[in-house]
Amino acid sequence: LTGLVLDGSFTKRLKGVRCQAAVSILRGERIVRTEAGEIQFTEDGLSGIPVLGMARSVHEIHSAGENASIQINLFPEWSAAQVSAHLAERFRMPGDVSAGDALVSLIHKRLIPVLLKACGVDAGRNCSNLPGSGLENLVTILTGWRIPVSGTRSWNDAQVTAGGVAVDEIRPQTLESARLSGLFFAGELIDVDGDCGGYNLQWAWSSGRVAGTHAARS
Ligand SMILES: Cc1cc2nc3c(=O)[nH]c(=O)nc-3n(C[C@H](O)[C@H](O)[C@H](O)COP(=O)(O)OP(=O)(O)OC[C@H]3O[C@@H](n4cnc5c(N)ncnc54)[C@H](O)[C@@H]3O)c2cc1C
């Protein structure tokens, strides 16, 4: 469980931005996992509970020599048509309102210039005369912002790491080593890891109790 490093020069500008979103990890063009919740931009990429669990997929995709990318939907509760209709309504503002200003209060302020740039819309352009393609691109990016993933944060940053003593080398009833009697394992020492949500602490406590009880009896 660790953050993702994204391939984009915008990351430093977004450091600390938090927002609700649905995020999907893609292997080439195929979505392999989608999670929703609060995401957080970091200096070099993306973190937050829905993102942390994607590190394993990224590792698997990169190990197979394939490209990984992340897709961020900032409006997971809305269809693309609803986002489009909402933007069209917003952009009909009277007066000289720029595209950038028209998005204030809809998405995080620091995301606005980055997203407009990514979809080729001049943030200073009057929102009422954007080309149709500009609006279309904006809807696409708001509902499916695709960013290449270059890797994961380091082992030191990880909340939980995969690997450890293989489960088939441990007696499941006692958590004693099948190879060396009198040696017991618990928690992250064992090749067991779970998603965010307390599963890893639960595993550490439960396995610790089992291993400790049987170690004391042995
Ligand atoms: C920032 C962060 C946030 C997390 N949040 C969550 C969460 O919200 N929910 C969740 O389920 N999990 C979470 N985890 C994961 C969870 O904390 C771990 O999976 C769990 O603590 C593992 O328990 P453990 O007993 O196996 O190892 P540890 O908790 O790492 O305990 C190992 C202990 O051994 C000690 N030790 C190491 N070497 C020696 C030595 N040579 N001699 C004596 N002692 C030694 C260490 O100091 C440490 O106290 C988080 C982890 C991190 C880092």
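Being a predicted model, the structure only gives us computed values, none of them experimental. (Residues numbered from 1 in each chain as written. Predicted model: local features only at pLDDT ≥ 70, side-chain atom pairs only at ≥ 80, totals over all residues. Heavy atoms only, no water.)

(A) Region of interest: the site of the ligand. Around the ligand, the neighbouring residues are Gln 159, Val 160, Gly 187, Glu 188, Gly 198, Tyr 199, Asn 200, Leu 201 and Ala 204. Residue Gln 159 places a side-chain N or O atom 3.3 Å away from a nitrogen atom belonging to the ligand. Here Asn 200 contributes a backbone N or O atom positioned 3.2 Å from an oxygen atom of the ligand. Coverage of the ligand by the protein chains reaches 33% of its 990 Å² of free accessible surface. Classifying every residue of the shell around the ligand by side-chain character gives four nonpolar, four polar and one charged. (Near = heavy atom within 4 Å. Polar contact = N/O pair within 3.5 Å; in protein donor to acceptor, adjacent residues only side chain to side chain. Areas by Shrake-Rupley, 256 points an atom, 1.4 Å probe, with all protein chains shown as cover. Nonpolar A, V, L, I, M, F, W, Y, C, P; charged D, E, K, R; others polar.)

(B) The arrangement of the pairing of strand E3 (residues 30-41) in detail. Alignment of strand E2 (residues 18-27) against E3, held across ten bridges, turns out to be antiparallel. The residue of E3 that forms the bridge with Ser 24 is Thr 34. Counted between consecutive antiparallel strands, the loop separating E2 from E3 contains two residues, among which Gly 28 sits at a positive phi close to 65°. In this sheet, strand E4 (residues 45-47) lies alongside E3 in antiparallel orientation, the contact comprising two bridges. Looking at E4, one finds that Phe 41 is bridged to Leu 46. Counted along the chain from E3 to the antiparallel partner E4, the turn is three residues long. (Pairing = 2+ DSSP bridges. Helix = DSSP H or I, 4+ residues; strand = E, 2+ residues; numbered from the N terminus.)

(C) Local environment of the domain arrangement of the protein chain. When its domains are assigned, the protein chain resolves into domain 1 (1-159) and domain 2 (167-217). Domain 1 and domain 2 are separated by 39 Å when their C-alpha centres are compared. Summed over both partners, the interface of domain 1 with domain 2 buries about 430 Å², with 46% contributed by carbon and sulfur atoms. When the buried area of domain 1 at its contact with domain 2 is split by residue, Leu 1, Arg 33 and Arg 56 rank highest and sum to 69% of it. A salt bridge links Arg 33 to Asp 195, with the shortest nitrogen-to-oxygen separation between them at 3.2 Å. The interface formed by domain 1 and domain 2 contains two residue pairs in polar contact (both at pLDDT 80 or more). In terms of residue class, the side of domain 1 that touches domain 2 is built from three nonpolar, one polar and two charged. (Domains from an automatic or database assignment. Buried area = accessible area lost by both parts, 1.4 Å probe. Salt bridge = Lys/Arg side-chain N within 4 Å of Asp/Glu carboxyl O.)

(D) Quick peek at the pattern of salt bridges. Summed over the entire model, instances satisfying the criterion amount to ten salt bridges. A salt bridge links Arg 153 to Asp 44, with the shortest nitrogen-to-oxygen separation between them at 3.6 Å. Of the two residues, Arg 153 sits in the loop between strand E6 (145-152) and strand E7 (170-171) while Asp 44 sits in the loop between E3 and E4, which places them 109 residues apart along the sequence. In this structure, a network of salt bridges that share partners links the residues Arg 33, Glu 35 and Asp 195.

(E) A look at the sheet that holds E3. The sheet built from six strands closes into a barrel, its strands ordered E1-E4-E3-E2-E5-E6 with antiparallel pairing. Each strand axis lies, on average, 45° off the axis of its neighbour in the sheet, ignoring direction. Where helix H3 (residues 55-63) meets the sheet, it contacts strand E1 (4-6), E2, E3, strand E5 (68-73) and E6, and its direction lies at approximately 80° from that of E6. Sitting on the sheet, helix H7 (residues 132-144) touches E5 and E6, and the angle it makes with E5 is about 105°. (Axes fitted to C-alpha atoms, helices over the stretch in contact; angles between N-to-C directions. Contact = heavy atoms within 4.5 Å.)

(F) Layout of the side chain of Thr 2. Mapping Thr 2 onto the fold places it in the segment before E1. Take Thr 2: its relative accessible area is 7%, and that puts it in the buried class. Ignoring anything within four residues of it in the chain, the contact list for Thr 2 reads Val 51, Leu 52, Ala 55, Thr 152, Arg 153, Ser 154, Asp 157 and Ala 158. (Buried < 20%, exposed > 50% of the residue type's maximum accessible area, 1.4 Å probe, protein only.)

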